[in-house]
Amino acid sequence: MNNEIEMSLSEAIAGQKVSLASIDAGQELNSRLAAMGMVPNVIMTIVSNASSGPLVVNVKGSKIVLGRGMVGRIMVRNVNNG
Amino acid sequence: MKKLNIAFAGNPNSGKTTLFNALTGARQHVGNYPGVTVEKKHGICKYKDYELNIVDLPGTYSLTAYSVEELVTRDYIIDERPDVVVDVIDSSNVERNLYMAVQLMEMNVPLVLAFNMSDIARQNGIIFDLKQLSLLLGVPIVMTVGNKSKGLDELLESIVSVSSNPPANTSDRIHYGSEIEEELQNIQRTLDGEHDLVEKYGKRFLALKLVEDDKEILAQGHTDKILGAVKTSRQHLRTIFGDLPDIIIAERRYGFISGACQESVKSTTELRHDISDMIDAVLTHRTIGLPIFIVLMYLVFQMTFFFGQYPMGWLESFFGWSARMITEFWPGSADSALLSLIVDGVISGVGGVVVFLPNILLLFFAISILEDSGYMARAAFIMDHIMHKIGLHGKSFIPMLIGFGCSVPAIMATRILENKRNRFTTIMVIPLMSCGARLPIYILLTGAFFANNKGLVMAIIYFTGILLAVVCAKLLRGTIFKGKTTPFVMELPPYRVPTMRGVLIHMWQKGWMYLRKAGTIILGISIILWAAATYPKPDESSLAGLSHEEAQNVQLKHSIIGRVGVGIEKVIKPIGFDWKIGTALVGAFAAKEVFVSQMGIVYSLGADTEASSEALQKRLQVDYTPLQGFCVMLFCLISMPCVATVAMTRHETGSWMWALFQVVFLTVLAYIVTLVVYQSATFMHIGV
């Protein structure tokens, strides 16, 4: 697997490709996000990330809005050659 | 004719409802699933010798027990055992959509996959090897285009054929890897005693849900032995994988799907920048996104009220005409109680509600377009940052905005909110958005007391409502609707051109729901209020020699409403009101604008007094101070919502308790706010 350092999704910038490391949002939300395709190691592209307000990622071809509170609980790894 | 029960399942935005509409047309019925406010739509479709009763299940991503929609979907499939389940899949987003299909396969239901919107997938350069994919999944696949009614016959043919020869068991198509499979085996072995549950769910599905820690399945009274085995398995898997077993299982499902798609779905163009991205670059832009949204909403309102005023006028004339006709051709005496019941109770009560129907239809016409095009999700996205500060989601903004038109459709529109606490909080504060029916009251009172600053005073009233809504939402979210602010997670669906059929069906369904309310609860309460304003009647002798207007005055004062108005004078005195205002306020419960006609009766000017009536405004100027006028507006803004709102709150929350809570909460709030304003302004000699 990837041995890149993990970072918070909030640090990702628009256009960046990341792979999902972990989500710490409680069982219910973890499971809901997993159903929407956000499972470990999935590759996501950041569509937009303003300093405040929700963030948008592209996961498996669909755009998903994540509230700011959510973003800080998601850890990702940078993917260089996506 | 053979009858078949068919269920449509699928992700939100997969075009499921469009396909359902294309098959069933206008032959649809909307109801609710028992105990929840999830809409249940079903319709009939005839094909060859078959009559298909199709249920359009709520759009979901999964079949866990975490949301009402998912539970409703799962329970329906398990309890009703439809002959065939059709999973509608967005062909341009197959991987994510197949996640649901895989779970349906695990439930081992007779399944057909409808690869919908296949024209868009083709445009996007996606090529399917359907034969191969169908073989890998073990279920038939049909290509459809719901909004162009393409592939419908093929789909129906496939449904009919699956209903008579169900495919082989699909429950163990996915191999979860030796570690998980081993644990599933262990649990399955302990399940032998649970014949009923195994019969209902299937052994493998039951074991899988137990490993997934499914709260609903776990609560079905398993023996300690089974629960123990589940706990051991979960702990074991957790140690091996370092993550929750449910997440690992989700990952494996997606892995299976990726594998299947790798061999059968080819994308010929790499990473397209589609039209949706380009539209989003403008509509969700950081600086211009919000102004665009405000302009769009303004247009929706302008359109609603501009085009709505004509049919509204016709309906008003119609009800006025029928009241006159009935009175004129009434066979009995003109003082007949039955005539009064029909004309003043039924016609004016129901008429008062039905006249808003055109506005409601137009509003929902616009909302359906915004929703079906995909813009509504963007609006929620834009507003989320602001709404988050008061403990609500971006999506709450839309119903609150509709509240400026009328609270009733606003409360109906809260269905777009998934979270119950958010939804209830929004419902509670919606009446604080000053609705159109309160405008006549403001026109009357600003005209009487603030002739030079009408606009300013009205703006103050509107802003007070918004401010109070913000404060109350925050307060409610921090107290009775407390709970972790469920983080905002929402899909931004691709933009699509809404279909006329879909928009019209949606509009009609909302309008019908509103009318049904008018026909039942609102009619009942209107009759009660009519009786309270009519009885008991004063002696004939006391009316002798009085003009018609004076007689109306005496009658109202003598009635229950009049007596209540007088009775509450002590209570409302501290906020600057007398019995006349009290009486008008009680009457305004039927509909806010009734306040004006009640004031007309109190001043013996007759019930037909208009808000802009100079005579009434002059009388008010004599009896009251500008401060009292302002306090009445404030009280009307905040205090108890009208009958129709109460009925709708009851309907949408499923309990009279919440409807009553709303009435009491808002009335108490109104009293406190008005009291503070009146007493402090009196103390400081402002406006007296």
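Cut-offs used in this document
Residues numbered from 1 in each chain as written. Chains lettered and ligands numbered in written order. Predicted model: local features only at pLDDT ≥ 70, side-chain atom pairs only at ≥ 80, totals over all residues. Heavy atoms only, no water. Helix = DSSP H or I, 4+ residues; strand = E, 2+ residues; numbered from the N terminus. Rg over C-alpha atoms; globule rule 2.2 N^0.38 Å. Contact = heavy atoms within 4.5 Å. Areas by Shrake-Rupley, 256 points an atom, 1.4 Å probe, with all protein chains shown as cover. Lys, Arg positive; Asp, Glu negative; His and termini not counted. Charge placed at Lys NZ, Arg CZ, Asp CG, Glu CD. Axes fitted to C-alpha atoms, helices over the stretch in contact; angles between N-to-C directions. Parallel < 35°, antiparallel > 145°, perpendicular 65-115°, else oblique. Nonpolar A, V, L, I, M, F, W, Y, C, P; charged D, E, K, R; others polar. Phe/Tyr/Trp six-rings, centres within 6.5 Å; stacked < 30°, edge-to-face > 60°. Buried < 20%, exposed > 50% of the residue type's maximum accessible area, 1.4 Å probe, protein only. Lys NZ or Arg CZ within 6 Å of the ring centre and 35° of its normal. Salt bridge = Lys/Arg side-chain N within 4 Å of Asp/Glu carboxyl O. Polar contact = N/O pair within 3.5 Å; in protein donor to acceptor, adjacent residues only side chain to side chain. Patch = residues over 30% accessible without salt bridge, like charges linked within 9 Å, V, L, I, M, F, W, Y side chains within 5 Å. 1 Å grid on protein atoms, 1.4 Å probe; cavity = no way out; pocket = protein on both sides within 12 Å on 5 of 7 lines; lining within 4 Å. Points joined across faces, edges and corners; volume = space filled by probe spheres on them. Domains from an automatic or database assignment. Buried area = accessible area lost by both parts, 1.4 Å probe. Left-handed = near helix turned anticlockwise from the far one by under 90°. Pairing = 2+ DSSP bridges. Arc of directions from axis to C-beta.

### Focus on the overall build of chain A
Now for step 1: The number of helices and strands found in chain A is two helices and six strands.
Now for step 2: Helices and strands in chain A line up, N terminus first, as β-β-α-β-β-β-α-β.
Now for step 3: Its C-alpha radius of gyration of 11 Å places chain A within 12% of the 12 Å reference for a compact globule of 82 residues.
Now for step 4: The principal-axis extents of the C-alpha atoms in chain A amount to approximately 30 × 25 × 25 Å.
Now for step 5: Taking as baseline every contact in chain A between residues at least 6 positions apart, the subset at least 24 positions apart corresponds to 59%.
Now for step 6: Per element, the accessible surface of chain A, about 3300 Å² overall, is 47% carbon and sulfur.
Now for step 7: Here chain A carries 7 positive and 5 negative side-chain charges, and the mean point of each set is 10 Å from the other.

### So, unusual backbone geometry
All names here are of chain B.
Now for step 1: Along the chain, Y535 connects to P536 via a cis peptide bond; the corresponding omega equals -15 degrees.
Now for step 2: On the secondary structure map, P536 appears in the loop between α23 (500–534) and α24 (540–543).
Now for step 3: Despite not being glycine, K48 shows a phi value in the positive range, around 50 degrees.
Now for step 4: With respect to the secondary-structure elements, K48 resides in the loop between β3 (39–47) and β4 (50–56).

### Comments concerning the packing of helix α7 (residues 178–190) of chain B against helix α11 (residues 224–241) of chain B
Residue and element names in this part refer to chain B.
Now for step 1: Between α7 and α11, whose axes approach to 9 Å, the crossing angle comes to 175 degrees. Here α11 runs roughly antiparallel to α7, going by the angle between their axes. For the pair α7 and α11, contact is made by E179, I180, E183, I187 and T190 and by K225, I226, A229, V230, S233, H236, L237, I240 and F241, respectively.
Now for step 2: Within the contact of α7 with α11, the residues separate by chemical class into eight nonpolar, three polar and three charged.

### Here's the deal with the packing of aromatic side chains
All names here are of chain B.
Now for step 1: Counted by the stated rule, this structure contains 21 aromatic pairs over all chains.
Now for step 2: Ring centres of W530 and Y535 lie 5.8 Å apart, and the angle between their planes is 85 degrees; on these two criteria the pair is classed as edge-to-face.
Now for step 3: Residue Y535 is classed as partly exposed on the basis of its relative accessible area, which comes to 30%.
Now for step 4: In this structure an aromatic cluster arises from ring pairing among F424, F481, W658, F661 and F665.
Now for step 5: Between the NZ or CZ atom of R378 and the centre of the ring of Y495, over which it lies, the distance is 4.0 Å.

### Some words on the interface of chain A and chain B
Now for step 1: Listed per partner, the contact involves 31 residues of chain A and 37 residues of chain B.
Now for step 2: Counting the contacts that link chain A with chain B gives three salt bridges.
Now for step 3: Its salt-bridge partner being A:K60, residue B:E95 comes within 3.3 Å of it at the nearest N-O pair.
Now for step 4: Remark: the boundary between chain A and chain B carries 12 residue pairs in polar contact (both at pLDDT 80 or more).
Now for step 5: Of all the elements in the fold, those that place two or more residues in the side of chain A that touches chain B are α1 (26–35) and β5 (62–66) of chain A.

### Details of a nonpolar patch on the surface
Residue and element names in this part refer to chain B.
Now for step 1: A surface patch of nonpolar side chains, amounting to about 440 Å² of accessible area, comprises L660, V664, V668, I672 and V676.
Now for step 2: As for its position among the elements, I672 is in helix α33 (residues 656–683).
Now for step 3: Classification of I672 by relative accessible area gives partly exposed; the value is 46%.

### Some points on empty space enclosed by the protein
Now for step 1: Counted according to the given criterion, the structure contains six cavities of 30 Å³ or more.
Now for step 2: Estimated volume of the largest cavity: approximately 60 Å³.
Now for step 3: In terms of lining, the largest cavity is formed by B:M297, B:V300, B:F301, B:L363, B:I367, B:L370, B:M376, B:I398, B:L401 and B:I402.
Now for step 4: At the level of secondary structure, the elements contributing two or more residues to the lining of the largest cavity comprise α14 (289–328), α16 (357–373) and α18 (397–402) of chain B.
Now for step 5: Along the lines of polarity and charge, the residues of the lining of the largest cavity split into 10 nonpolar, no polar and no charged.
Now for step 6: Taken as a whole, the second largest cavity holds about 50 Å³ of empty space.
Now for step 7: Lining the second largest cavity, in full, are A:E28, A:S31, A:R32, A:A35, B:Y61, B:S62, B:T64, B:Y66 and B:E70.
Now for step 8: Counting residues per element, the lining of the second largest cavity draws most heavily on α1(A), which supplies four residues.
Now for step 9: When the residues that make up the lining of the second largest cavity are grouped by side-chain class, the tally is three nonpolar, three polar and three charged.

### Overview of the domain arrangement of chain B
Residue and element names in this part refer to chain B.
Now for step 1: Looking at the assigned domains, one finds that chain B contains domain 1 (2–172), domain 2 (173–273) and domain 3 (294–683).
Now for step 2: Between domain 1 and domain 2, the C-alpha centre-to-centre distance is 23 Å.
Now for step 3: Listed by partner, the interface residues are 36 residues for domain 1 and 30 residues for domain 2.
Now for step 4: The three residues of domain 1 that bury the most area against domain 2 are E95, Y99 and E106, which together make up 21% of that side's buried surface.

### Focus: the pattern of salt bridges
Now for step 1: Within this structure, the stated rule accounts for 24 salt bridges over all chains.
Now for step 2: Taking the shortest distance from any N to any O, the salt bridge between B:R234 and B:D213 comes out at 3.9 Å. Residue B:R234 is found in helix α11, and its partner B:D213 is found in the loop between α9 (203–211) and α10 (215–218); the two are separated by 21 residues along the sequence. You'll find B:R234 and B:D213 in the same group, each marked buried.
Now for step 3: Because the salt bridges share partners, they merge into one network encompassing A:K63, B:D277, B:D280 and B:R378.

### What about the packing of helix α21 (residues 439–449) of chain B against helix α30 (residues 614–623) of chain B?
Residue and element names in this part refer to chain B.
Now for step 1: Axis separation between α21 and α30 bottoms out at 9 Å; the angle between their running directions is 60 degrees. Viewed along their axes, α21 and α30 adopt a mutual orientation that is oblique. Read as a crossing pair, α21 and α30 show a hand that is right-handed. Seen from α21, the contacting residues are I443, L444, L445, G447, A448 and F449; seen from α30, they are L616, Q617, L620 and Q621.
Now for step 2: Among the residues forming the contact of α21 with α30, the class breakdown is seven nonpolar, three polar and no charged.

### Quick look at the pairing of strand β3 (residues 43–49) of chain A
All names here are of chain A.
Now for step 1: Pairing geometry for strand β2 (residues 17–23) and β3, over three bridges, is antiparallel. Directly across from S19, in β3, lies its bridge partner I43.
Now for step 2: As paired elements, β3 and strand β4 (residues 55–59) share five bridges and run antiparallel to each other. Along β4, the bridge assignment pairs N49 with L55.
Now for step 3: In this antiparallel pair of consecutive strands, β3 and β4, the connection spans five residues, and G53 shows a positive phi of 80 degrees.

### Concerning α30(B)
One turn of an α-helix holds 3.6 residues; hence residues three or four places apart share an orientation.
Residues and elements named next belong to chain B.
Now for step 1: Of the residues making up α30, those classed as buried are L616, Q617 and L620. Buried residues of α30 fall within an arc of 100 degrees about the axis and therefore sit on the same side. Turned more than 90 degrees away from the buried face of α30, the exposed residues are E614 and V622.

### Let's talk about the sheet that holds strand β1 (residues 6–8) of chain A
Now for step 1: As summarised here, the arrangement of the seven strands in space is β1(A)-β6(A)-β2(A)-β3(A)-β4(A)-β5(A)-β10(B), forming an open sheet in which the pairing is antiparallel. The open sheet has two edge strands with one neighbour each: β1 of chain A together with β10 (489–492) of chain B. On average, adjacent strands in this sheet sit at an angle of 45 degrees to one another, irrespective of strand direction.
Now for step 2: Direction of pairing for β2(A) relative to strand β6 (residues 74–78) of chain A: antiparallel, over a ladder of five bridges. Bridged to A:I23 within β6(A) is A:I74.

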